[in-house]
Amino acid sequence: EAGVAQSPRYKIIEKRQSVAFWCNPISGHATLYWYQQILGQGPKLLIQFQNNGVVDDSQLPKDRFSAERLKGVDSTLKIQPAKLEDSAVYLCASSLWARQGQETQYFGPGTRLLVL
Amino acid sequence: ELKVEQNPLFLSMQEGKNYTIYCNYSTTSDRLYWYRQDPGKSLESLFVLLSNGAVKQEGRLMASLDTKARLSTLHITAAVHDLSATYFCASGAGGYQKVTFGTGTKLQVIP
């Protein structure tokens, strides 16, 4: 079974530039998550999708971050414009279904973003 | 706001010794998760604890959950070097299981 795929793996940009990350979850997984992990900290949930609908985006900085999940499969996370404090690893995860005991999340390899 | 705290934050132990990592969470939780993260790698799911008194074991790791105390523990038995990693607990709540992660415990097992 293929795992969660993410690209790119690394990205270096200057502040005020834009960047986009892509995630392909495990086939058949209804729930998709984007996390931000700053060095030395635990992952912080940015946004959670159930199929193609958003169920939680309370910690997403909506003035600069946006995310979509077209057709309930792939997802993209965009930052525009980037700030220095956005330097982090962006992790995508998926789970079969966020209810009914199917909550194990499978994480992708992450995208390491450095904002200069 | 749900908060999840782990202690210790750093743990250096010798091979063969036993130790426990503690995870406290601030409000009612439906699920408690444990993950492992190797340096530069992504997170690997270890355990999902569903109810009060739940205990799960895999190899030298055993996790338990006390919902009344809002406490989960990850016990390491006879540690080996391969267990060196950062361990995260995370608490899930709500209908769609919004997950909040702890700060992590960096474990170093010394031969």
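Since we're looking at a predicted model, the values are computed, not measured.

A. Representation of the overall build of chain B. Tallying secondary structure elements over chain B gives 0 helices and 11 strands in all. The C-alpha radius of gyration of chain B comes to 13 Å, within 12% of the 13 Å expected for a compact globule of 111 residues. Projected onto the principal axes, the alpha-carbon positions of chain B cover approximately 45 × 30 × 20 Å. Looking at chain B as a whole, 45% of its 111 residues are labelled buried. The contacts in chain B between residues at least 6 apart in sequence include a share of 54% that link residues at least 24 apart. For chain B, the exposed area adds up to about 5500 Å²; of that, 49% sits on carbon and sulfur atoms. Looking at chain B, you have 11 positive and 9 negative side-chain charges, and the mean spots of the two groups are 3 Å apart.

B. Up close: the interface of chain B and chain A. Contacts between the two partners involve 19 residues from chain B and, on the opposite side, 24 residues from chain A. Carbon and sulfur atoms supply 52% of the area that chain B and chain A bury against each other, a total of about 1700 Å² over both sides. When the buried area of chain B at its contact with chain A is split by residue, Tyr96, Lys98 and Phe101 of chain B rank highest and sum to 35% of it. Taken together, the connections running from chain B to chain A amount to 1 salt bridge. Summed over the shared surface of chain B and chain A, the result is 4 residue pairs in polar contact (both at pLDDT 80 or more). Mapped onto the side of chain B that touches chain A, the elements with two or more residues apiece are β4 (31-37), β5 (43-49) and β10 (98-101) of chain B. If you tally residues by element for the side of chain B that touches chain A, the top one is β4 of chain B, at 4 residues. Each residue belonging to the side of chain B that touches chain A can be placed in one class, and the counts come to 8 nonpolar, 8 polar and 3 charged.

C. Region of interest: the state of the cysteines. Residue and element names in this part refer to chain B. Within this structure, the stated rule accounts for 2 disulfides over all chains. In this model, Cys23 is linked to Cys89 through a disulfide, with the two sulfur atoms separated by 2.0 Å. Its S-S torsion of about 80° marks the bond between Cys23 and Cys89 as right-handed, since a negative value means left-handed. Here Cys23 is found in strand β3 (residues 19-25), whereas its partner Cys89 is found in strand β9 (residues 85-93), with 66 residues between them in sequence. The same class applies to Cys23 as to Cys89, namely buried.

D. Geometry of the sheet that holds strand β1 (residues 5-7) of chain A. Residues and elements named next belong to chain A. A sheet is described by the order of its strands in space; here 4 strands give the open sequence β1-β3-β8-β7, paired in antiparallel fashion. Of all the strands in the sheet, the pair left with one neighbour each is β1 and β7 (65-68). Taken over all neighbouring pairs, the strand axes of this sheet differ in orientation by 15° on average, direction set aside. Summarising the sheet, β7 and strand β8 (residues 75-79) pair through 4 bridges and their orientation is antiparallel. Bridged to Ser66 within β8 is Lys78.

Rules of the game
- Residues numbered from 1 in each chain as written.
- Chains lettered and ligands numbered in written order.
- Predicted model: local features only at pLDDT ≥ 70, side-chain atom pairs only at ≥ 80, totals over all residues.
- Heavy atoms only, no water.
- Helix = DSSP H or I, 4+ residues; strand = E, 2+ residues; numbered from the N terminus.
- Rg over C-alpha atoms; globule rule 2.2 N^0.38 Å.
- Buried < 20%, exposed > 50% of the residue type's maximum accessible area, 1.4 Å probe, protein only.
- Contact = heavy atoms within 4.5 Å.
- Areas by Shrake-Rupley, 256 points an atom, 1.4 Å probe, with all protein chains shown as cover.
- Lys, Arg positive; Asp, Glu negative; His and termini not counted.
- Charge placed at Lys NZ, Arg CZ, Asp CG, Glu CD.
- Buried area = accessible area lost by both parts, 1.4 Å probe.
- Salt bridge = Lys/Arg side-chain N within 4 Å of Asp/Glu carboxyl O.
- Polar contact = N/O pair within 3.5 Å; in protein donor to acceptor, adjacent residues only side chain to side chain.
- Nonpolar A, V, L, I, M, F, W, Y, C, P; charged D, E, K, R; others polar.
- Disulfide = S-S within 2.5 Å.
- Pairing = 2+ DSSP bridges.
- Axes fitted to C-alpha atoms, helices over the stretch in contact; angles between N-to-C directions.

Functional significance is not addressed by these values, which are geometric in nature.
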